[in-house]
Amino acid sequence: MRIFTTLDEVAQSAETEIGTTDWLVVDQERINLFADATGDHQWIHVDEERARTGPFGATIAHGFLTLSLLPLFNTECFALETPGARLNYGLNKVRFPHPVPVDSRLRSHVSFGAVTDLPTGKQLVIKHTVEIDGIDKPACVAELVVLLLAG
């Protein structure tokens, strides 16, 4: 795990690979809990019997469930211990190239993209490519944007 304690250290790591996370299993319990949290109980996610006869042969994780794992994946690869606040600013890009079948193992390849100077600190783009074990296409490709405020 890489630890960044200054905004200059973050800036020096722009456009570099940061690391790869451990594998994480996305089981039916996690899918069901996400459905409960979001109110999205579409059968393809939560009805195991019906999903067996559906297009994927099993339930699949919500795309936004996969997206919601990115902060966890961040903490496995790096820590931002910079002096000021860190704010989630949004997303530049999100795609879900392949569905995530229940009980899949996921991991993310994490890199820093652009680091831009702001009057109040820096803007950092964090790039994720979420891999599904045994499947060529990624589950998710996303760019998170974080504001790093000066202390």
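Here the structure is a predicted model, which is why all the values come from computation and not from measurement. Position numbers for residues count from 1 along each chain, tracking the sequence in the order it is written. Per-residue local features are limited, in this predicted model, to residues with pLDDT of at least 70; the limit for side-chain atom pairs, both in listing and counting, is 80 or more; totals at the level of whole chains, interfaces and linings are taken over all residues. Only hydrogens and water are set aside; all other atoms, that is, all heavy atoms of the structure, feed into the side-chain values.

### A word on the pattern of salt bridges
Moving on, step 1. In the sections that follow, a salt bridge refers to a side-chain nitrogen of Lys or Arg positioned within 4 Å of a carboxyl oxygen of Asp or Glu. Scanning all chains against the criterion turns up four salt bridges.
Moving on, step 2. Measuring nitrogen to oxygen at the nearest pair gives 3.9 Å for the salt bridge that ties E15 to K127. Here E15, found in the loop between α1 (7–12) and β2 (16–20), pairs with K127, found in strand β7 (residues 121–132); they are 112 residues apart in sequence, far enough to count as distant.
Moving on, step 3. Only protein chains enter the accessibility calculation, which uses a 1.4 Å probe; a residue whose area is less than 20% of its type maximum is buried, one above 50% is exposed, and one in between is partly exposed. Judged by its relative accessible area of 30%, K127 is partly exposed.
Moving on, step 4. One salt bridge in this structure joins R107 and E131, with 2.8 Å as the shortest N-O distance. Taken as a pair, R107 in strand β6 (residues 104–118) and E131 in strand β7 lie far apart in primary sequence, 24 residues in all.
Moving on, step 5. Owing to a relative accessible area of 22%, E131 belongs among the partly exposed residues under this scheme. Runs of E in the DSSP output that reach at least two residues are strands. Runs of H or I that reach at least four are helices, and both are numbered from the N terminus.

### Focus on the environment of S13
Moving on, step 1. Relative to the assigned elements, S13 resides in the loop between α1 and β2.
Moving on, step 2. For S13, a relative accessible area of 5% puts it in the buried group.
Moving on, step 3. For S13 and L149, which are 136 residues apart along the polypeptide, the C-alpha to C-alpha distance reads 17 Å.
Moving on, step 4. Contacts between residues were defined by any pair of non-hydrogen atoms, one from each residue, lying within 4.5 Å. Excluding its chain neighbours within four sequence positions, the residues that come into contact with S13 are R2, F4, I18 and F112.
Moving on, step 5. As used in this structure description, the phrase polar contact means that two N or O atoms lie within 3.5 Å; if the pair is within protein, one of them must be able to donate a hydrogen and the other to accept it, and residues adjacent in sequence are counted only when both atoms belong to side chains. At a separation of 3.0 Å, a polar atom in the side chain of S13 contacts the side chain of R2.
Moving on, step 6. Of note is the side chain of S13, whose polar atom sits 3.3 Å from the backbone oxygen of E9.

### Details of the packing of aromatic side chains
Moving on, step 1. Pairs were defined over the aromatic rings of Phe, Tyr and Trp, the Trp ring being its six-membered one, requiring ring centres within 6.5 Å. Orientation was assigned from the angle between planes: stacked under 30 degrees, edge-to-face over 60, tilted for the rest. According to the stated counting rule, one finds three aromatic pairs in the structure shown.
Moving on, step 2. When the centroid spacing of 6.1 Å and the interplanar angle of 80° are considered together, the rings of F64 and F96 count as edge-to-face. Taken together, the residues F64 in helix α5 (residues 63–68) and F96 in the loop between β5 (86–95) and β6 connect sequence positions 32 residues apart.
Moving on, step 3. Each ring, one from F78 and one from F112, has its centre 5.1 Å from the other, and the planes form 85°; the classification is edge-to-face. On the criterion of sequence distance, the pair formed by F78 in strand β4 (residues 78–80) and F112 in strand β6 is long-range, its members being 34 residues apart.
Moving on, step 4. The class of F78 is buried, set by a relative accessible area of 5%.
Moving on, step 5. An aromatic cluster is defined as three or more aromatic residues linked by ring pairs; in this entry it consists of F4, F78 and F112.

### A look at the pairing of strand β8 (residues 140–149)
Moving on, step 1. Where burial is concerned, most of β8 is hidden: seven out of the ten residues are buried.
Moving on, step 2. Strands pair, by our definition, only if DSSP identifies at least two bridges between them. Summarising the sheet, β5 and β8 pair through eight bridges and their orientation is antiparallel. Each bridged residue has a counterpart across the sheet, and for R95 the counterpart in β8 is V141.
Moving on, step 3. The pairing of β7 with β8 spans ten bridges and is classified as antiparallel. Residue pairing across strands places I126 opposite L144, the latter belonging to β8.

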